[in-house]
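Observations on the model geometry
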Amino acid sequence: MTGPVSGPPVASRAGDDARRAEIAANLAKLRGRVADACAAAGRDPGEITLIGVTKTYPSDDVLHLAALGVTDIGENRDQEAAPKAAAVAAAGVAVRWHFIGQLQRNKCRSVARYADVVHSVDGVRLARTLDTARAAGGDTPLDALVQVSIDGDAARGGAVDRSEDADRDLAAVLDAVAGARLLRLRGLMAVAPLGWAADRAFARLAEVAAAVRENYPSADILSAGMSGDLEQAIVHGATHLRVGSALLGLRAPLR
Ligand SMILES: *Cc1c(COP(=O)(O)O)cnc(C)c1O
């Protein structure tokens, strides 16, 4: 007999302490990178929100991140995010869920139930479906970012500046989100296209964001930068970084 037979539950299982320490060390390194990048760019680290991307990792890792102060959590697939959000809520822990992956219209109902922010609105019909889906759960608005395709290749997600496809045209998508009853247009999201230097990609994104803000001043979020390119994103005005592997470790290949 080595422990008490009754009394308060033990705070964590043996392996959890090691995992939390590993994530804490990664987080310290990451915060150092953000601080250095902000110093180099003349920006205040207080302007930057770190979103921990937990895809492929268990809900326990969300609890670790929350305990370490990272309460903005990103997921890219509804099938994985919905049960994880339920598990975290059941543990009595409140985090802000950011849906960052390509969103199909038939998933809007589910995503609208747990998401606090959707980063990947890239179609007029998608915006309308998401708005209707949100209304099914009450009257709380959902923060929405319009995902921008930096290279104009709509196949990889994102609305396209001056697209011939009216559904994917950036101006039309912005209007659809701004006009939706329960969506709040908060800004833009983008991923640096394959084959583009991050610096060039985020410089282009910053131009688009500046133009968008002239028409929609409240669209002041810029979600850009991941584990490999967050320094360049910070130079070009990112306010929200979506970081997975630098916090939690390399993921097994998904497909
Ligand atoms: C997975 C993912 C990230 C995080 O990528 P890392 O390189 O692991 O930091 C960011 N944004 C989106 C849209 C993702 O799908």
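Residues numbered from 1 in each chain as written. Predicted model: local features only at pLDDT ≥ 70, side-chain atom pairs only at ≥ 80, totals over all residues. Heavy atoms only, no water.

Moving on: the packing of helix α2 (residues 59–67) against helix α3 (residues 78–90). At a minimum axis separation of 9 Å, α2 and α3 run at an interaxial angle of 50 degrees. Classified by the interaxial angle, the pair formed by α2 and α3 is oblique. For α2 against α3, the interelement crossing comes out right-handed. Here α2 contributes Ser59, Val62 and Leu63 to the contact with α3, which in turn contributes Lys84, Ala87 and Val88. Class assignment for the residues of the contact of α2 with α3 results in 4 nonpolar, 1 polar and 1 charged. (Axes fitted to C-alpha atoms, helices over the stretch in contact; angles between N-to-C directions. Helix = DSSP H or I, 4+ residues; strand = E, 2+ residues; numbered from the N terminus. Parallel < 35°, antiparallel > 145°, perpendicular 65-115°, else oblique. Left-handed = near helix turned anticlockwise from the far one by under 90°. Contact = heavy atoms within 4.5 Å. Nonpolar A, V, L, I, M, F, W, Y, C, P; charged D, E, K, R; others polar.)

Let's shift gears to helix α6 (residues 170–179). Those residues of α6 that sit buried are Leu170, Val173, Leu174, Ala176 and Val177. Looking straight down α6, one finds its buried side chains confined to an arc of 165 degrees; they lie on one side. Those residues of α6 that are buried lie in contact with β4 (117–121), α5 (124–135), β5 (142–147), β6 (183–189) and α7 (198–215). (Buried < 20%, exposed > 50% of the residue type's maximum accessible area, 1.4 Å probe, protein only. Arc of directions from axis to C-beta.)

Surrounding the ligand, one finds Val53, Lys55, Asn76, Ile100, Met226, Ser227, Arg242, Val243, Gly244, Ser245 and Arg251. A distance of 2.5 Å is found between an oxygen atom of the ligand and a side-chain nitrogen or oxygen belonging to Ser227. Ser245 is positioned such that a nitrogen or oxygen atom in its backbone is 2.8 Å from an oxygen atom of the ligand. The fraction of the free accessible surface of the ligand (390 Å²) that becomes covered by protein chains is 88%. The pocket occupied by the ligand, as judged from atoms lying within 2 Å of grid points, is the largest pocket. Tallied by class, the residues present in the shell around the ligand amount to 4 nonpolar, 4 polar and 3 charged. (Near = heavy atom within 4 Å. Polar contact = N/O pair within 3.5 Å; in protein donor to acceptor, adjacent residues only side chain to side chain. Areas by Shrake-Rupley, 256 points an atom, 1.4 Å probe, with all protein chains shown as cover. 1 Å grid on protein atoms, 1.4 Å probe; cavity = no way out; pocket = protein on both sides within 12 Å on 5 of 7 lines; lining within 4 Å. Sits in = over half its atoms within 2 Å of the grid points.)

This part takes up α5. Given a rise of 1.5 Å per residue, 12 residues ought to cover 16 Å, and the 17 Å separating the end C-alpha atoms of α5 matches this to within 8%. Buried residues in α5 make contact with α4 (108–114), β4, β5, α6 and β6. (Expected span 1.5 Å × (residues − 1).)

Attention now moves to the confidence of the model for the protein chain. Scored by pLDDT, the protein chain comes out at a mean of 94, with 93% of its residues at no less than 70. This stretch, residues 1–5, has a pLDDT under 50; its non-local contacts, to residues over four places away or in other chains, come to 0 contacts. (pLDDT = per-residue confidence, 0-100.)

This paragraph deals with the pairing of β4. Across the 5 residues of β4, 5 count as buried, placing the element largely inside the fold. Sheet analysis places strand β3 (residues 96–99) next to β4, joined by 2 bridges and oriented parallel. Bridge pairing links Phe99 to Val118 in β4. Here β4 runs beside β5; their pairing, made up of 3 bridges, is parallel. Across the sheet, Val117 pairs through a bridge with Asp143, a residue of β5. (Pairing = 2+ DSSP bridges.)

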